[in-house]
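Topology and contacts: notes
The chain contents come next:
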Amino acid sequence: MTYDDANIFAKILRGEIPCDKVYESEHSLAFRDINPQAQTHVLVIPKGAYVSADDFSAQASAAEIVDFTRALGTVARQLGLVADGYRLLANHGAHAGQEVPHFHMHVFGGEPLGRMVSPPARV
Ligand code: DGP
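Throughout what follows, the structure given in this document is the object of discussion. (Residues numbered from 1 in each chain as written. Predicted model: local features only at pLDDT ≥ 70, side-chain atom pairs only at ≥ 80, totals over all residues. Heavy atoms only, no water.)

Examining the sheet that holds strand β2 (residues 28-32)
Taking strand neighbours across the sheet as the criterion, the five strands line up as β1-β2-β3-β5-β4 in an open arrangement whose pairing is antiparallel. Where the open sheet ends on each side, the last strands, each with one partner, are β1 (21-24) and β4 (86-89). Geometrically, the sheet is characterised by an average inter-axis angle of 20° between neighbouring strands, direction not taken into account. Direction of pairing for strand β3 (residues 40-46) relative to strand β5 (residues 105-109): antiparallel, over a ladder of five bridges. The residue bridging Val42 from the neighbouring strand is Val107, located in β5. Of the strands in this sheet, β1, β2, β3, β4 and β5 are in contact with helix α3 (residues 62-78), which crosses β3 at around 160°. (Pairing = 2+ DSSP bridges. Helix = DSSP H or I, 4+ residues; strand = E, 2+ residues; numbered from the N terminus. Axes fitted to C-alpha atoms, helices over the stretch in contact; angles between N-to-C directions. Contact = heavy atoms within 4.5 Å.)

Below, the structure is given as structure tokens:
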């Protein structure tokens, strides 16, 4: 998958569309999901042009990877999610239903989150 500069998170990063920002660092940005799936639902994204976790882990600099990893923990602490727990989730590609082709980690919390994933329907 090649990176598409027209994706919605690239537009957020360029300031072309607004977001409800919760945290920003040199290499990472965190903002609330427009369609929350839990009481707290935040997206943490690297500022660099990476489509997925495997792309990011292979291509990003050590500084970007450290910054992003620290951003995940900072956001969880900042939002008060640590004591009761939270979930991190990243989708990639068709089988995972990735909608936005810019690497992002979902951070869910604020309430019990149920099963980790729904099993696929089988006929
Ligand atoms: P995924 O399916 O993992 O690619 O998740 C994409 C998420 O992005 C989805 O939960 C909805 C969210 N989203 C899509 N468009 C926007 C937007 O314009 N603003 C914000 N804040 N979130 C968006």
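Here's the deal with the side chain of Asn7
Following the sequence through the fold, Asn7 ends up in the segment before α1 (8-13). A distance of 3.0 Å separates a polar atom in the side chain of Asn7 from the backbone nitrogen of Ala10. Setting aside residues no more than four positions away along its own chain, Asn7 makes contact with Val100, Pro101 and His102. (Polar contact = N/O pair within 3.5 Å; in protein donor to acceptor, adjacent residues only side chain to side chain.)

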